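Listed here are the chains, written in short residue letters.
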Amino acid sequence: MVTLTAPETTTPTATIDLAGSPVRALNQALHEATDGQSWTVANPGGKHSLAVGIDADISVAINGHAGYYAAGMHKTGTVTISGNAGVGLAENIMSGTVHVKGDVSQSAAATGHGGLVVIDGNAGARCGISMKGVDIVVGGNIGHMSAFMAQAGRLVVCGDAGEALGDSIYEARIYVKGTVASLGADCIEKPMNIEHLEELEGLLAAAGRTDNPADFKRYGSARNLYHFSVHNSASY
């Protein structure tokens, strides 16, 4: 069911209640939306593939929990989830902003090319796997194998990081405020210069956080795996 409510001085907000409407109807409506519109999703009930493939500069507020692949293939606009989200949040995001006010499961922002993903709570394993330019700010902890084969972009963790952080990383930058269980292959701690402190300050501000950049450590590629070496090959 779709209803329109008109605030006094703003563009009318469309409300889609998933208690009576299918997810397909929600996504079709969002695909047909135009720049500047605002949408509210009521009773999401943890359904999968909510608000995927958004291609207009719109604002979508999901009032509750989302299931797998919420805001996947996000191209522009803003999606805010006032709850938790399942596997594959904002997978392959291109630009725009996706903000989850709770926790997310594994593979958040996997293969993301751009945009900003903000997670106020914790993120599961493989957060930012194969990221290609997306910025991710996590207010809590992240699980193991996060930023695996991360090619570009920035991952900010305001809590702790699990095992094998940044395994086989390329040129992405990782900032962690808490402890790191272990670093993956070719990932090392790097100096925090003025450039990095300023970059981190901007990322935290964009995520609405007030953490002190000086409390973080930076991690990135040692670049030892960039070129073939027989010593890195398996013996048969």
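The shown structure was predicted, so the numbers you read here are calculated from the model rather than taken from an experiment. (Residues numbered from 1 in each chain as written. Predicted model: local features only at pLDDT ≥ 70, side-chain atom pairs only at ≥ 80, totals over all residues. Heavy atoms only, no water.)

A. Structural context of the overall build of the chain. Looking only at helices and strands, one finds 2 helices and 12 strands in the chain. Ordered by position in the sequence, the α and β elements of the chain form the string β-β-α-β-β-β-β-β-β-β-β-β-α-β. Since a compact globule built from 236 residues should have a radius of gyration of about 18 Å, the 19 Å found for the chain is in line with a globular shape. With respect to the three principal axes, the spread of C-alpha positions in the chain is 60 × 45 × 25 Å. Relative to its 236 residues, the chain shows a buried fraction of 48%. Within the chain, residue pairs in contact and separated by at least 24 positions form 23% of the contacts whose partners lie at least 6 positions apart. Of the roughly 10800 Å² that the chain leaves accessible, carbon and sulfur atoms contribute 51%. Between the centroid of the 14 positive side chains of the chain and the centroid of its 22 negative side chains there is a distance of 4 Å. (Helix = DSSP H or I, 4+ residues; strand = E, 2+ residues; numbered from the N terminus. Rg over C-alpha atoms; globule rule 2.2 N^0.38 Å. Buried < 20%, exposed > 50% of the residue type's maximum accessible area, 1.4 Å probe, protein only. Contact = heavy atoms within 4.5 Å. Areas by Shrake-Rupley, 256 points an atom, 1.4 Å probe, with all protein chains shown as cover. Lys, Arg positive; Asp, Glu negative; His and termini not counted. Charge placed at Lys NZ, Arg CZ, Asp CG, Glu CD.)

B. Representation of the packing of aromatic side chains. For the structure shown, the criterion picks out 1 aromatic pair. Note on Y68 and Y69: the rings are 6.3 Å apart at their centroids and 85° apart in plane angle, and the pair reads as edge-to-face. For Y69, a relative accessible area of 34% puts it in the partly exposed group. (Phe/Tyr/Trp six-rings, centres within 6.5 Å; stacked < 30°, edge-to-face > 60°.)

C. Main features of the pairing of strand 12 (residues 217-221). Taken across its 5 residues, strand 12 has 4 buried, putting it largely inside the fold. Here strand 10 (residues 173-176) runs beside strand 12; their pairing, made up of 3 bridges, is antiparallel. Each bridged residue has a counterpart across the sheet, and for Y175 the counterpart in strand 12 is R218. (Pairing = 2+ DSSP bridges.)

D. Quick peek at the confidence of the model for the chain. When the pLDDT values of the chain are averaged, the result is 93; 91% of them are 70 or greater. Here residues 1-9 scores under 50 on pLDDT; set against residues more than four positions off or in separate chains, the count is 17 contacts. (pLDDT = per-residue confidence, 0-100.)

E. The nonpolar core, seen in detail. Counting 52 residues, the largest nonpolar core has V60, L89, V117 and L155 as its most contacted members. When near neighbours in sequence (up to four residues on either side) are disregarded, V117 contacts L89, A90, I93, V98, A109, V134, D135, I136 and V137. Of all hydrophobic cores here, the second largest spans 11 residues; its members include V137, Y175, L200 and A207. (Core = buried A, V, L, I, M, F, W, Y, C linked by side-chain atoms within 4.5 Å.)

F. Expanded view of unusual backbone geometry. Notably, M145 is not glycine yet its phi reads approximately 60°, a positive angle. Along the polypeptide, M145 turns up in the loop between strand 8 (132-138) and strand 9 (152-157). In this structure, A164 takes a positive phi of about 60° despite not being glycine. Its place among the elements puts A164 in the loop between strand 9 and strand 10.

G. Quick look at the pattern of salt bridges. Tallied over the entire structure, the rule returns 8 salt bridges. Between R173 and E195 there is a salt bridge, with the nearest N and O atoms lying 2.8 Å from each other. One end of the pair, R173, is in strand 10; the other, E195, is in helix 2 (residues 194-206), with 22 residues separating them in the sequence. Judged by relative accessible area, which is 21%, R173 ranks as partly exposed. (Salt bridge = Lys/Arg side-chain N within 4 Å of Asp/Glu carboxyl O.)

H. Molecular detail of helix 2. Helix length check: helix 2, at 13 residues, gives a terminal C-alpha distance of 18 Å against a target of 18 Å (1.5 Å per residue), a fit within 8%. Along helix 2, the residues classified as buried are H196, E199, L200, L203 and L204. Seen end-on, helix 2 carries its buried residues on one side only, within an arc spanning 135°. Of the residues in helix 2, the exposed ones pointing more than 90 degrees away from the buried face are I194, E198, A205 and A206. Looking at the buried residues of helix 2, the elements they touch are strand 8, strand 9, strand 10 and strand 12. Looking one or two residues past helix 2, G208 carries a phi angle of roughly 75°, positive in sign. (Expected span 1.5 Å × (residues − 1). Arc of directions from axis to C-beta.)

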